[in-house]
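# Observations on the three-dimensional arrangement
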Amino acid sequence: MVQMGACCGCRAVVDMTEAGEARLRLLRSANVGPVTYAQLVARFGSAGAALAALPMLAARGGGRTPQIADAGAVRREIAAVERLGARYLFLDDPAYPPLLAELENAPPALIVRGNMGLLERPCVAMVGARNASAAACRFARQLAIGLVERGAVVVSGLARGIDTAAHQGALAGGTIGVIASGIDIVFPPENATLQARVGDEGLLVTEQPPGTDPLARFFPARNRIIAGLSLGTVVVEAAPRSGSLITARLAAEAGRDVMAVPGSPLDPRAQGCNLLIREGAILVQSADDIWEAVRPLDPRALRAPAPGPFDPAPAEDASEADRRRITSLLGPVAVGVDELIRQSGCAPAVVQIVLLECELAGRLERHAGARVSLR
């Protein structure tokens with residue numbers, strides 16, 4: 001990992017109000033993930049009111065009061081973001097990517113550095129093997145060049161192999177790099193120059209605060225941003241069990257196109273792509289194939305007006321009988337929230353508040369596909 005300095009160009013101004021600081025404090029508090037954050041703000045009307053309610057909600061969930069982020073630490077984070085020439089994008093910001101905002105677990109706050117105008121253009125994700133073949137890397141660069149020539153922006157994760165080739169091919173026309181660390185951290189180290197160029201000439205995106213190392217658990221979260229930003233995801237080369245296939249699955253769950261480049265059945269690195277095609281992914285042989293799939297989905301037609309402040313949700317509380325009924329249905333195996341509503345017979349709002357309380361108490365884990373389990 002490499003530490004990066006501030007952008008050498010003009011600094012972005014971090015205009016952070018008291019309400020913005022409260023949002024970050026809520027987001028950085030223990031046991032508050034993207035889904036929980038959105039539910040808390042919707043229920044209480046503001047991040048400040050949600051912060052005040054955390055101890056009560058956690059106690060109802062049968063746990064200790066979650067560690068609430070220190071106001072001083074949040075202000076230091078804001079100052080670090082400003083020093084690095086970056087800025088925050090909150091979920092209700094007019095510039096927040098509308099396709100990403102469609103996700104149930106959309107990041108409540110992004111940290112970005114570079115050309116935010118790229119978020120206005122159609123985006124295509126390109127992912128693949130870190131140990132990719134030379135031929136696959138060359139083809140990924142060619143696809144990226146072809147896509148930016150057609151007006152698209154190439155989104156990838158600044159990893160070795162296919163990601164690196166995709167960014168290199170797209171740098172001249174527009175590329176977005178989504179990383180699993182703080183915006184000042186480079187991983188892998190050999191991509192320090194490339195990451196700096198993406199931040200200067202393209203757009204660098206993360207949801208992690210400055211100084212955060214790229215831990216393993218952050219990469220699936222990074223992958224959902226890559227898929228969520230994009231009209232479609234292209235997999236160039238991937239093993240059957242790889243992070244690239246996780247990104248493809250997340251794209252499919254979000255209702256986006258999944259595309260794959262076929263490869264030799266004798267090459268293990270092509271098995272994941274061939275499997276995707278067998279399961280219905282669009283077969284890709286050129287940039288035209290990709291553009292034909294995503295071009296009808298004009299992002300200007302998808303861009304909805306920016307959401308306003310969260311309207312408070314009806315404050316329907318659960319009774320102790322409701323809590324016992326719902327928590328008795330939970331276990332270590334993930335179950336869909338819809339199934340909990342059906343089997344418990346409780347109103348959806350009651351189920352959601354009980355799950356919220358359990359999560360804040362540190363007892364609940366959320367999974368993809370609106371599923372939950374006990375820790």
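Residues numbered from 1 in each chain as written. Predicted model: local features only at pLDDT ≥ 70, side-chain atom pairs only at ≥ 80, totals over all residues. Heavy atoms only, no water.

## Here we look at the sheet that holds strand 13 (residues 364–367)
In plain terms, the rule: Any two strands with at least two DSSP-identified bridges between them are counted as paired. A helix here means a DSSP run of H or I that spans at least four residues, while a strand means a run of E at least two residues long, and both kinds are numbered starting from the N terminus. By the convention used here, residues are in contact when the closest approach between their heavy atoms is within 4.5 Å. Convention adopted: a line fitted to C-alpha atoms gives each axis, helices being fitted over their contacting stretch, and angles between N-to-C directions are expressed from 0 to 180 degrees.
Pairing is antiparallel in the open sheet, where three strands are placed in the order 12-14-13. Strands with a single pairing partner mark the edges of an open sheet, and in this sheet they are strand 12 (335–336) and strand 13. Direction of pairing for strand 12 relative to strand 14 (residues 371–374): antiparallel, over a ladder of two bridges. Residue pairing across strands places Val335 opposite Val372, the latter belonging to strand 14. Sitting on the sheet, helix 16 (residues 348–360) touches strand 13 and strand 14, and the angle it makes with strand 13 is about 115 degrees.

## Notes on the environment of Val284
Position of Val284 among the secondary structure elements: in the loop between strand 11 (282–283) and helix 12 (287–294). Val284 sits eleven residues away from Arg295 along the chain, and the two C-alpha atoms are 15 Å apart. The contacts of Val284, once residues within four sequence positions are left out, are Leu143, Met259, Ala260, Val261, Pro262, Asp289 and Ile290.

## A few points about the packing of helix 1 (residues 18–28) against helix 3 (residues 47–60)
Going by this rule: Whether a crossing is left-handed or right-handed is set by the direction in which the near helix is turned from the far one by less than a right angle, anticlockwise for left-handed and clockwise for right-handed. Gly falls in the polar group here, along with every residue not listed as nonpolar (Ala, Val, Leu, Ile, Met, Phe, Trp, Tyr, Cys, Pro) or charged (Asp, Glu, Lys, Arg).
At a closest axis distance of 8 Å, the pairing of helix 1 and helix 3 adopts a crossing angle of 40 degrees. The element helix 1 and its partner helix 3 pack so that their crossing is left-handed. Contact residues: helix 1 offers Ala22, Arg23, Arg25 and Leu26, while helix 3 offers Ala47, Gly48, Ala50, Leu51 and Leu54. Classifying every residue of the contact of helix 1 with helix 3 gives six nonpolar, one polar and two charged.

## Brief notes about the packing of aromatic side chains
The following threshold applies: Whether two aromatic rings pair depends on their centres lying within 6.5 Å, for rings of Phe, Tyr and Trp, where Trp uses its six-membered ring; planes under 30 degrees apart make the pair stacked, over 60 edge-to-face, and the rest tilted. The buried label goes to any residue with under 20% of its type's maximum accessible area, the exposed label to any with over 50%, and the partly exposed label to all in between, with areas taken from a 1.4 Å probe on protein chains only. Charge-over-ring contacts are defined here by two conditions on Lys NZ or Arg CZ: a distance within 6 Å of the ring centre and an angle within 35 degrees of the ring normal.
On inspection of all chains with the given rule, the structure shows two aromatic pairs. With 6.1 Å between their ring centres and 15 degrees between their planes, Tyr88 and Phe90 make a pair best called stacked. Considering the side-chain rings of Phe187 and Phe219, the 6.4 Å spacing of their centres and the 65 degrees angle between planes classify their relative orientation as edge-to-face. With Phe187 in the loop between strand 7 (185–186) and helix 8 (192–201) and Phe219 in helix 9 (residues 218–229), this pair connects stretches of sequence that are 32 residues apart. The exposure class of Phe219 is buried, given its relative accessible area of 17%. A cation over a ring is seen here: Arg23 above Phe90, with NZ or CZ 5.1 Å from the ring centre.

## As for the pairing of strand 9 (residues 232–235)
Looking along a regular strand, one sees side chains alternate from face to face of the sheet. Judged by which residues are buried, strand 9 turns out to be covered on both faces: Gly232 and Val234 on one side and Thr233 and Val235 on the other are all buried. Of the pairings in the sheet, the one linking strand 4 (residues 123–127) to strand 9 comprises four bridges and is parallel in character. Considered in strand 9, the bridge of Val124 is made with Gly232. Sheet topology note: the strand 9/strand 10 (residues 257–260) ladder contains four bridges and is parallel.

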